[in-house]
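Listed here are the chains, written in short residue letters.
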Amino acid sequence: MRLHRLDLRAFGPFADDTTVDFDALSAAGLFLLSGDTGAGKTSVLDAVCFALYGDVPGDRSTAKRLRCDQAGPGVSPQVTLEATLSGHRFKITRSPAWDRPKRRGTGLTRQQASVVIAEWVDDEWLTRSTRLDEAGYLIGEITGLNLDQFCQVAMLPQGRFQAFLRAGSEERHKLLQQLFRTGRFEAVEGWLRDHRSSLRKVSLSHREVIDDLVSRLSEVASWDGEDTSPTHHLNGLGEPDGQDGLDEPDGPARAENWAAALLDNALSESVAAEIEAGSSTAAADQANAALAQAKHLADLQSRHAAAVAQAARLDEQQPTHDEATARLAAAARADRVLPTLDHATAADQRALETQAEVARTSVGLADRGVVAESTSLGTLRASTLSAVAQASALAPRERRLNELRLAVDSYTDRIASLDRDIAEDQESLAAGAIRAESCQRELTAAQSAASRLEGARVHAQTLAGQQTASRQLHALAPQLADATAELAAAVDQAQRHTQLWLDLREQRLTQMAAEIAVGLAVGGCCPVCGSSDHPSPASRLDGAPDAASEREARRSVDDAETERHLRSEHLRDLTTRQALADQVLAGADVSTLAARASTAGAEVTALGALAASVESLGAELRLIGSETTRLTGRRDAALLERTGVEAAAAAQRGEAASIEVEVAAALADTPDVDLLSRADRLTALADACASVLAAQESADVARREQDRAQAAAVRSLSESGFVDADQARQNSLTPTARDRLAGQIGRFDASRLAASRLLDDDELTAAAGTVAPDVTGLAAVELNARHVAGATQTRSVRLRERCSRVQQLHGELAATLDAWRPVRADLDIATAMATFADGRSGDNRLQMRLSAYVLAYRLGQVVDAANLRLATMSDQRYSLVHTGKRGAGERRGGLSLLVRDDWSGVCRDPATLSGGETFVVSLALALGLADVITHESDHGSAGDSRLDTLFVDEGFGSLDADTLDDVMGTLDSLREGGRVIGVVSHVPAMRERIPTRLDVVKHRQGSRVRGPQVDG
């Protein structure tokens, strides 16, 4: 990775467009980013990290405030970085999320983050990505690092310089794996673990099937066939030596032998039970045959005895049977004559009813003034129907008359309603005209207020700003006095600390010989004369200052200068705020500001209320005009309709008068009030005549039918042998009684015939002459034999089914055991390989994972390269040691680091180093890591993680002069390999040692950069 150009806008402390030309800075190989505290040196490195990863390192990332506060309101923050990554030149443009002013109205709206990654191809920039997630993945793939790892090896920020040195094995493992692309070895570990888990699942599934088969086989084999429940008894065979024993090497073979023994036992028991069942079945068949023969003989004897008893009973019942036969014959003759008698009775009843109907209808006709016996009813009915026809023909004219009368009444009501509507519309039109005139006056006043509102509002805002400035001036007076006093005290303090530091430095220089003598080692060369003999080294006086005292004094000077600068900036800020407040007041009369501001505010409120009503008044005026137009149209339509209704009413009255004359002529000399009543009265009279005529005709027919029925009844009684109708009815039977009597006769005849047939049967006669058999005893013998045969047969079937089931389960168990054997063998191998590669096997003495073992080799290369730098920078005192042992609190080893102190010969934890020592060792480790990565990139084995640019942010102030010389010499030597080192520091001595620098200057309107520049 090599940086070329960085463009900033409204980012961090940089308000204006700012450019950093890294190509110019990198020409010297070593350059310095210098500037006062808070100027923005670290922000330059933050911009590089943000361009690459969209975030900044350390605690600054949590603040989420990357935009410059001094930038203009609408200026968008943006960072553009041109860099060579993996041999390709990219331009990355990023903008963080920020709150921009709304384009319409007031307030802020959220502008989301954006990114554009372009690659220089064929003399033009080609866009590769514009998505945040895709850009992050692309940069991570190209650099091989995430943000934290990038800051550990290439961009060493404040407070995180020693992170890689003091990192645990797991953190160091993740970083080195990313850098050296050794993820395939971790993938191998994962594959071995997954393969082991997969085989274990398969083995467990086989084992579950085997356990189930063993349990089922044990349960089936323990069933002795006596009942339906298992007895859990295997006739001494027993179960296998626990299912846990299956995991032993000979477990499957033992299980197979156990299953075979169960199968042999089941076969032998099934054969014995089948033989026993055959014998008991034959005995049961013989007993059943004897019982059947005895039952047959007993049945014949019983049937013969029953026939003899039946014949005796029938002889006793013969007289009753003869009487019933005669009674049934008389009932049959009565049934033939009864219909004729019933018909004669019905004819008599019909004749009486028709005579009564004639009398009833004649009474209805008499009520209307007509005597049926003295009037020709046919002639009267014909004349009445003729009069009904005349009245019906004139009835439509009478209905038309009623309709005309109703229509005239309706027209009269409509004319009255129209008169009321016309009067109401006239009143509404008059009221609308008055309201329109008033609304127009109010609208004119509101429009005038709206034209004056903006000027009144500006005047009120000016007075409010002057009030605020007046209050600020009053508050700033005591603050300015305090700030002036604090600045004077800070200047005095800085001068005192500077003088103390100069005095201390002078005292140290006078005692420098003694300080050098303290560092002499036996046999070592003197750094002044080069001699290895030290006959009379200088002695150090008690209380003489050393390098640590001088550094502490210098730190106090820096702190005092920082305090002085802060007090100065605070006083300058207060002075500026006072000047701005004076400018706002601009000679205004402070005493009347409050009254004038209140008056202006009240005026704005009043004008605003009036101006707000312009739109509503205009809408109301338009609504009044629309309503006036609508009412006028409705009134004119009502007037026109009233004229038409009056004409129609006059026409209807003339037609009604003509019809009234016709109806009056038709009702003359009649008692009826209208034609409908006349037609109803005449129709009722005609219907009454028709009813009397019909009743007289029915009575004549009934009398003739009565005479015929009486003659037929006399003939029927004579033919049936009955004296009269009463005798015929007495001999009649109901259908139920007749059926019951017929059934009794039929049953007697059938019983007589059946008894005769049984008494004539030869077999029954022969059986009656033999001895009765012992059926009860033979039945008991047969029942016992059948029970024994059923029990033995059931046991035989059950044992045969058990044998078949045991044979089936034996086959399934054997097949499952054969399938389990190769899976067990593969699982043993996979378990051994996975635990060894994962560092958990007893054979892995260092408990080191496979990926850690590979990275341990890479870390050893890094340590060797770091020691080449560290030997120079620590004057041959310190060296890094890579150990495979586990560190404190770590579960696995392989990537631990120790620091060897060659003065004491002891290896110790890096956490025990001082601040300056930690800085030197960490820098050497970072340089060694960069050397190895660069070497691997040159040889094509480390992918595209080559690091050509390294930044170091602060830490040089903790070094003494000699160590600083050694460190700077080491950094300077890196330029020979084409490497670029950027040093970030505000230490003044660094400006003297590094001629090429970029100065960052802070300012109230935002920081600026000056350079690159080279001191002569």
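Values in this document were obtained by computation on a predicted structure and should not be read as measured data.

**So, the overall build of the protein chain**
Right, on to step 1. On a plain count of helices and strands, the protein chain comes out with 24 helices and 17 strands.
Right, on to step 2. For the protein chain, the proportion of its 1016 residues judged to be buried stands at 37%.
Right, on to step 3. When the accessible surface of the protein chain is split by element, carbon and sulfur atoms take 53% of a total near 55,700 Å².

**Overview of helix α11 (residues 377-510)**
Right, on to step 1. Under the 1.5 Å per step criterion, the end-to-end length of α11 is only 174 Å for 134 residues, more than 12% shorter than the ideal 200 Å.
Right, on to step 2. The axis of α11 is deflected most strongly, by about 35 degrees, at Leu-453.

**Some thoughts on the environment of Trp-98**
Right, on to step 1. Tracing the sequence through the fold places Trp-98 in strand β6 (residues 98-101).
Right, on to step 2. For Trp-98, a relative accessible area of 5% puts it in the buried group.

**Things to note about the pairing of strand β7 (residues 108-111)**
Right, on to step 1. Direction of pairing for β6 relative to β7: antiparallel, over a ladder of 4 bridges. Each bridged residue has a counterpart across the sheet, and for Asp-99 the counterpart in β7 is Arg-110.
Right, on to step 2. Between β6 and β7, which pair antiparallel one after the other, the connecting turn spans 6 residues, and Gly-105 there sits at a positive phi close to 80 degrees.

**With respect to unusual backbone geometry**
Right, on to step 1. Phi angles above zero are rare outside glycine, and Ala-10 is one such case at about 55 degrees.
Right, on to step 2. Within the element layout of this structure, Ala-10 appears in the loop between β1 (2-9) and β2 (18-21).
Right, on to step 3. Accessibility expressed as a relative area gives 0% for Ala-10, which makes it buried.
Right, on to step 4. Phi angles above zero are rare outside glycine, and Asp-122 is one such case at about 55 degrees.

**Concerning the sheet that holds strand β12 (residues 896-901)**
Right, on to step 1. Pairing is antiparallel in the open sheet, where 3 strands are placed in the order β11-β12-β13. For this open sheet the edge positions go to β11 (878-883) and β13 (906-908), each flanked by a neighbour on one side alone. The average undirected angle you get between the axes of adjacent strands in this sheet is 35 degrees.
Right, on to step 2. Relative to β13, β12 runs antiparallel, the two sharing 3 bridges.

**Here we look at the confidence of the model for the protein chain**
Right, on to step 1. Looking at the protein chain as a whole, the pLDDT averages 78, with 88% of positions reaching at least 70.
Right, on to step 2. Long-range and interchain partners of residues 227-242, a stretch whose pLDDT sits below 50, account for 29 contacts in this model, where long-range means more than four residues apart.
Right, on to step 3. Of the regions scoring below 50 in pLDDT, residues 940-944 engages in 12 contacts with residues more than four places distant in sequence or in other chains.

**Topic: the packing of aromatic side chains**
Right, on to step 1. All chains considered together, the criterion is met by 5 aromatic pairs.
Right, on to step 2. Between Phe-11 and Phe-50, the ring centres sit 5.6 Å apart and the planes meet at 35 degrees, which makes this aromatic pair tilted. Linking Phe-11 in the loop between β1 and β2 with Phe-50 in helix α2 (residues 41-53), this pair joins segments that are 39 residues apart in sequence.
Right, on to step 3. In this structure Phe-11 comes out as buried when scored by relative accessible area, which is 2%.
Right, on to step 4. Geometrically, the ring pair formed by Phe-22 and Phe-951 is edge-to-face, given 6.0 Å between the ring centres and 80 degrees between the ring planes. Of the two residues, Phe-22 sits in helix α1 (residues 22-26) while Phe-951 sits in strand β14 (residues 949-953), which places them 929 residues apart along the sequence. For the pair formed by Phe-22 and Phe-951, the shared burial category is buried.

**What about the nonpolar core?**
Right, on to step 1. Ranked by internal contacts, the top residues of the largest apolar core, which has 44 residues, are Leu-6, Phe-22 and Leu-52.
Right, on to step 2. Those residues in contact with Leu-52, other than ones at most four positions away along the chain, are Met-1, Leu-81, Leu-85, Ile-92, Arg-94, Ile-139 and Phe-150.
Right, on to step 3. Counting residues in each nonpolar core, the second largest holds 43 residues, with Leu-855, Val-863, Phe-919 and Val-952 among its members.

**Considering the pattern of salt bridges**
Right, on to step 1. Scanning the entire structure with this criterion turns up 31 salt bridges.
Right, on to step 2. Linking Asp-133 and Arg-131 is a salt bridge whose minimum nitrogen-to-oxygen distance equals 2.8 Å.
Right, on to step 3. Among the salt bridges present, the one from Arg-1004 reaches Asp-573, with a minimum N-O distance of 3.0 Å. Of the two residues, Arg-1004 is situated in the loop between β16 (996-1001) and β17 (1008-1014) and Asp-573 in helix α13 (residues 547-585); the sequence distance between them amounts to 431 residues.
Right, on to step 4. Each member of the salt-bridge network shares a partner with another, and the members are Asp-419, Arg-642 and Glu-646.

**Digging into the sheet that holds strand β8 (residues 114-121)**
Consider a sheet: its strands pair through backbone hydrogen bonds, and that pairing is either parallel or antiparallel.
Right, on to step 1. Strand order in the open sheet made by the 6 strands is β2-β1-β4-β5-β8-β9, with antiparallel pairing throughout. Of all the strands in the sheet, just β2 and β9 (124-129) have a single pairing partner and so form its edges. Each strand of the sheet is rotated relative to its neighbour by a mean of 20 degrees, with strand direction disregarded.
Right, on to step 2. Taken together, the 5 bridges between β8 and β9 define a ladder with antiparallel strand orientation. Counted as the bridge partner of Ile-117 is Ser-129 from β9.

**Considerations on the layout of surface pockets**
Right, on to step 1. Each pocket or cavity is described by its volume, and for the second largest pocket that value is around 480 Å³.
Right, on to step 2. In terms of lining residues, the second largest pocket is bounded by 17 residues, among which Asp-36, Thr-37, Glu-561, Thr-562 and His-986 are the most central.
Right, on to step 3. Where the lining of the second largest pocket is concerned, the elements lending two or more residues are β3 (30-35), α13 and α24 (988-993).
Right, on to step 4. Among the elements that take part in the lining of the second largest pocket, α13 stands out by supplying 7 residues, more than any other.
Right, on to step 5. A breakdown of the residues in the lining of the second largest pocket according to their chemical character gives 3 nonpolar, 7 polar and 7 charged.

Rules of the game
Residues numbered from 1 in each chain as written. Predicted model: local features only at pLDDT ≥ 70, side-chain atom pairs only at ≥ 80, totals over all residues. Heavy atoms only, no water. Helix = DSSP H or I, 4+ residues; strand = E, 2+ residues; numbered from the N terminus. Buried < 20%, exposed > 50% of the residue type's maximum accessible area, 1.4 Å probe, protein only. Areas by Shrake-Rupley, 256 points an atom, 1.4 Å probe, with all protein chains shown as cover. Expected span 1.5 Å × (residues − 1). Bend = angle between axes of the 7 residues up to and from the residue. Pairing = 2+ DSSP bridges. Axes fitted to C-alpha atoms, helices over the stretch in contact; angles between N-to-C directions. pLDDT = per-residue confidence, 0-100. Contact = heavy atoms within 4.5 Å. Phe/Tyr/Trp six-rings, centres within 6.5 Å; stacked < 30°, edge-to-face > 60°. Core = buried A, V, L, I, M, F, W, Y, C linked by side-chain atoms within 4.5 Å. Salt bridge = Lys/Arg side-chain N within 4 Å of Asp/Glu carboxyl O. 1 Å grid on protein atoms, 1.4 Å probe; cavity = no way out; pocket = protein on both sides within 12 Å on 5 of 7 lines; lining within 4 Å. Points joined across faces, edges and corners; volume = space filled by probe spheres on them. Nonpolar A, V, L, I, M, F, W, Y, C, P; charged D, E, K, R; others polar.

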